[in-house]
Amino acid sequence: MKSKEKSTKNFKKYISFILIAAIAVMSLSGCGSSTGSTNDSDTENRTDLIYGIASEPNSLDPMTFAMMSSFTVTYALYDTLFELQDDGSYKPCLAEGYEVSEDGLEYTFPIRQGVKFHDGSELTAKDVVFSINRTIEKGWAADMTAAIDTVSLADENTVKITLSRPFGGMIGSLASPFFSIMSENYVTTKGDDAIKREPMGTGPYKMKEWIAGDHITLLANEEYFEGAPPIKTITIKPIVDKNTGLIAIENKEIDVYLNINNSDIETVKNNEELAFYSADQAAVLSLNMNIESKPLDDVKVRKAINYAINRDNIIAGALEGYGTFAKSAIPPVCDGYSDDAPVYEHDVEKAKQLLAEAGYTNLSLTMKIKEDAKIQKVAQIVQADLKEAGIYVTIEVMEAGAYNTDIYANGNFQITIGSWSAMFLDAYSVVYSQFHKDCYGPTGNITHVVAEDLSELLDKAAQASEEEKVEAYKAVIQNIYDNAYQVPLVVEQTNITTNAALKGVVPNPLGVYMLKRFSW
């Protein structure tokens, strides 16, 4: 069998929404073998799947975390009102459809009847109202709930969402795992802490067991309203070390592994028993600056940093050539992106000139980054580039939990490198959280920009029609460029490697997959 490869440079040609967010790294002793092996040459008769992920989830409450590795699991356990299809359309899931008022402020959703939760209780419209209000209350999807005024029952089987302003991303938001539909009775009875490890929804799979540090096992929901999924048992295996993950899938100890090292891609492509799929990420790897920290409160210093960095060095030296120059904070896969964006070209002399104008000949900064081999490579390249301009950077590598506390919770940093992923493939989902004053701090705005003019531009773009969207976001990007709030570096690729016999795999920009679509 010949090795299969499926790659896309512009994913929005056939998909317009996908869900998000940030990756946390947890330790694991090894991939182990306690859950069996995939060494079965007769894949047509298989009903199991072993799915390797880079980090173990710390919770399976989809409304209270932003871990990529967890969203694939919660998508299997919970349903949403709408569901993204591979062609980019939205299919009603727990909703039967929707209607929007002429002013765009009122959405009504008839709820599908006869759907049952895993405990046998029946889904009601009250559960939907409860779930959406819980999403709002938890605050992790602040950008997607910002326009929601009220959520209520229009009648016994119909939910009404009233907005404070038009919001073109409403249906895309409702397809996000952040809007997973839960049982009100189950959540209130069990409590928030319990459901983190004992999730229960209407989804195609039920939780069987979670052995911390080893695996999560899911069983097919034979009563699923769309019909039982073809794969009956799914074992989620956290494998932190990517070299170990590659060996495991080559040895058929697992069937799927996300994001192998770029240096191993050719090896996988040349293996006829494996299939390789890739897509550009719905995120931009960026150098983020805390503009409340001196000397980064000076726009000339921020512009000097932008001019000093050579993105081509990053692509060649850290990404093995698998990446593209980022022209703005909006990745090309997102609606609202424009290729016609102002960019800071690499210009060391210009960087030195701006530093001198700001009163600096030499400048010292500390860069905090999360433990990650690739990010460390990027950081070292950026460090070398900045040194040429007279900016001396000390790199501080931090454990993921401590990093998140310092960067997001406390804002205790000068510069850092990371990416903010879209929750759906729209410019709104990338830039609103990062730059709107209402998202200051933990909900995404780690640059601590509180500029009224930029927030107004973001609010205006959120209400723009499809025809107006590109121009609206051009204004947003121009403002970010003029003030040098961020250094967009590169757009990376995300990839998934599978057993070549696995069907139903379509690459997506966030590495979040619907397991019910997989089959042998």
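For every chain, the first residue of its written sequence is number 1, and the numbers climb from 1 along that sequence. In view of the model being predicted, local features appear only for residues whose pLDDT reaches at least 70, and side-chain atom pairs are presented and counted only at 80 or more, with totals across whole chains, interfaces and linings using the full set of residues. Where side-chain values are given, they derive from all heavy atoms of the structure, hydrogens and water being excluded.

Caption draft 1: Just helix α16 (residues 469–483), in detail. The terminal C-alpha atoms of α16, which comprises 15 residues, lie 22 Å apart, in line with the 21 Å expected from a rise of 1.5 Å per residue. Within α16, the full set of buried residues consists of Lys-469, Ala-472, Tyr-473, Val-476, Ile-477, Asn-479 and Ile-480. Projected down its long axis, α16 carries its buried residues within an arc of 155 degrees, all on one side. Its buried side turned inward, α16 meets α14 (427–435) and α15 (452–462). Each helix is a run of DSSP H or I of at least 4 residues and each strand a run of E of at least 2, with the numbering of both proceeding from the N terminus. Just past α16, the residue Ala-484 takes up positive phi, approximately 50 degrees. Residue count minus one, scaled by 1.5 Å, sets the expected span of a helix. The buried label applies to any residue whose accessible area, calculated with a 1.4 Å probe on protein chains only, is under 20% of its type's maximum; exposed applies above 50%, and partly exposed to all values in between. It is the directions from the helix axis to the C-beta atoms that the arc portrays. Contacts are assigned to residue pairs that have any heavy atoms within 4.5 Å of one another.

Caption draft 2: Broad picture of the pairing of strand β9 (residues 205–211). Strands are treated as partners if at least two bridges between them are detected by DSSP. Relative to strand β10 (residues 215–220), β9 runs antiparallel, the two being bridged by six bridges. Paired with Ile-211 across the two strands is His-215, which belongs to β10. With antiparallel pairing between neighbouring strands as the criterion, β9 and β10 make up a hairpin whose turn holds three residues, including Gly-213 at a positive phi of roughly 80 degrees.

Caption draft 3: The arrangement of the pattern of salt bridges in detail. By convention in these notes, a salt bridge is any Lys or Arg side-chain nitrogen within 4 Å of a carboxyl oxygen on Asp or Glu. For the structure on display, the rule yields 26 salt bridges. The residue Arg-46 makes a salt bridge to Asp-255 at a minimum N-O spacing of 2.9 Å. Taken together, the residues Arg-46 in the loop between β1 (4–8) and β2 (48–53) and Asp-255 in the loop between α7 (242–250) and β12 (256–258) connect sequence positions 209 residues apart. A salt bridge links Asp-61 to Arg-134; its shortest N-O distance comes to 2.7 Å. Within this pair, whereas Asp-61 is found in the loop between β2 and α1 (68–77), its partner Arg-134 is found in helix α2 (residues 125–138), the two being separated by 73 residues in sequence. Here Asp-61 matches Arg-134 in class, with each residue buried. Three or more residues are tied together by salt bridges with common partners; here these are Glu-83, Lys-91, Glu-226, Lys-516 and Arg-517.

Caption draft 4: Spotlight on α7. The complete set of buried residues in α7 reads Gly-245, Leu-246, Ala-248 and Ile-249. Across the axial projection of α7, the buried residues extend over an arc of 165 degrees, all falling on one side. Looking at the packing, one finds that the buried side of α7 touches β12, α8 (265–269), β13 (274–280) and β19 (486–499). Polar contacts, as used here, are pairs of N or O atoms within 3.5 Å; protein pairs need one atom able to donate a hydrogen and one able to accept it. Residues neighboring in sequence count only if both atoms are side-chain atoms. Measuring from the backbone nitrogen of Asn-243 back to the side-chain oxygen at the start of α7 gives 3.2 Å, which picks out Asp-241 as the cap. Two residues or fewer after α7 comes Lys-252, characterised by a positive phi angle close to 60 degrees.

Caption draft 5: Representation of the packing of helix α9 (residues 299–308) against α16 in the model. For helices, the fitted line uses only the C-alpha atoms of the stretch in contact; every axis is such a line through C-alpha atoms, and the angle between N-to-C directions lies from 0 to 180 degrees. Orientation of α9 relative to α16, taken along the N-to-C sense of each, is 100 degrees, at an axis distance of 8 Å. Between α9 and α16, the interaxial angle falls into the category roughly perpendicular. Across from Val-299, Arg-302, Lys-303 and Tyr-307 in α9, the residues of α16 making contact are Tyr-481, Asp-482 and Asn-483. Relative orientations are named as follows: roughly parallel for angles under 35 degrees, roughly antiparallel for angles over 145 degrees, roughly perpendicular for angles from 65 to 115 degrees, and oblique for any other angle.

Caption draft 6: The sheet that holds strand β6 (residues 106–110), seen in detail. Judged by pairing direction, the sheet is antiparallel, and its four strands sit side by side in the order β5-β6-β8-β7 without closing on themselves. Since the sheet does not close on itself, it has two edges, and those belong to β5 (99–100) and β7 (148–155), each with one partner. Of the strands in this sheet, β7 and β8 (158–163) touch α2, which is tilted by about 175 degrees from β7.

Caption draft 7: Structural context of the packing of α15 against α16. It is the contact of α15 with α16, at a shortest axis distance of 9 Å, that shows an interaxial angle of 160 degrees. Classified by the interaxial angle, the pair formed by α15 and α16 is roughly antiparallel. Crossing angle aside, the handedness with which α15 passes α16 is left-handed. Here α15 contributes Asp-453, Leu-454, Leu-457, Leu-458, Ala-461 and Ala-462 to the contact with α16, which in turn contributes Ala-472, Tyr-473, Ala-475, Val-476, Asn-479 and Ile-480. Of the residues in the contact of α15 with α16, the class split is ten nonpolar, one polar and one charged. A crossing counts as left-handed when the near helix is turned anticlockwise from the far one by less than a right angle, and as right-handed when that turn is clockwise. We call Asp, Glu, Lys and Arg charged. Ala, Val, Leu, Ile, Met, Phe, Trp, Tyr, Cys and Pro are nonpolar, and the rest, Gly among them, are polar.

Caption draft 8: Structural detail: the packing of aromatic side chains. When two rings of Phe, Tyr or Trp (its six-membered ring) have centres within 6.5 Å they constitute a pair, described as stacked for plane angles under 30 degrees, edge-to-face for angles over 60, and tilted for the intermediate range. Inspection of the entire model under this criterion finds 14 aromatic pairs. Here the aromatic rings of Phe-82 and Phe-109 are separated by 5.8 Å at their centres, their planes lie at 65 degrees, and the arrangement is edge-to-face. Here Phe-82 is found in strand β3 (residues 82–84), whereas its partner Phe-109 is found in strand β6, with 27 residues between them in sequence. The pair formed by Phe-82 and Phe-109 is uniform in burial state, with each residue classed as buried. For the ring pair Phe-424 and Tyr-428, a centre distance of 6.5 Å and an interplane angle of 25 degrees mean the geometry is stacked. Judged by its relative accessible area of 3%, Phe-424 falls in the buried class. Through a chain of ring-to-ring contacts, three or more aromatic side chains come together here, namely Phe-82, Tyr-98, Tyr-107 and Phe-109. Think of it as a cone above the ring: NZ of Lys or CZ of Arg counts as a charge over the ring if it is within 6 Å of the ring centre and within 35 degrees of the ring normal. Geometry around Trp-210 places Arg-197 over its ring, the cationic atom sitting 3.7 Å from the centre.

Caption draft 9: Up close: the nonpolar core. Throughout this description, the term nonpolar core refers to a set of buried Ala, Val, Leu, Ile, Met, Phe, Trp, Tyr and Cys residues connected via side-chain atoms within 4.5 Å. With 105 residues, the main nonpolar core has Tyr-51, Leu-81 and Leu-174 as its most contacted residues. It is α14 that contributes the most residues to this core, six residues altogether. Excluding its chain neighbours within four sequence positions, the residues that come into contact with Leu-174 are Thr-80, Leu-81, Phe-82, Phe-109, Ile-132, Ile-161 and Phe-179. Counting 38 residues, the second-largest nonpolar core is a separate cluster that includes Leu-285, Ala-318, Tyr-344 and Ile-369.

Caption draft 10: Spotlight on the state of the cysteines. We call a pair of cysteine sulfur atoms a disulfide when they lie within 2.5 Å. As enumerated under the stated definition, the model contains zero disulfides in all. Free cysteine: Cys-439, not disulfide-bonded; nearest cysteine sulfur from Cys-334 at 16 Å. Note on Cys-439: relative accessible area 3%, which makes it buried.

Caption draft 11: View of the side chain of Thr-64. Residue position: Thr-64 is located in the loop between β2 and α1. Note on Thr-64: relative accessible area 19%, which makes it buried. Thr-64 has contacts with Ser-59, Lys-138 and Trp-140, leaving out every residue within four places of it along the chain.

Caption draft 12: Region of interest: the pairing of β13. β13 sits mainly inside the fold: seven of its seven residues count as buried. Neither face of β13 is exposed, since Leu-274, Phe-276, Ser-278 and Asp-280 on one face and Ala-275, Tyr-277 and Ala-279 on the opposite face are all buried. When β13 meets β19, the two strands line up antiparallel, connected through seven bridges. The partner of Ser-278 across the bridge, within β19, is Asn-495.

Caption draft 13: Representation of the environment of Lys-294 in the model. Checked against the element boundaries, Lys-294 lands in the loop between β14 (285–289) and α9. In sequence terms Lys-294 and Leu-365 are 71 residues apart; their C-alpha atoms lie 9.7 Å from each other.

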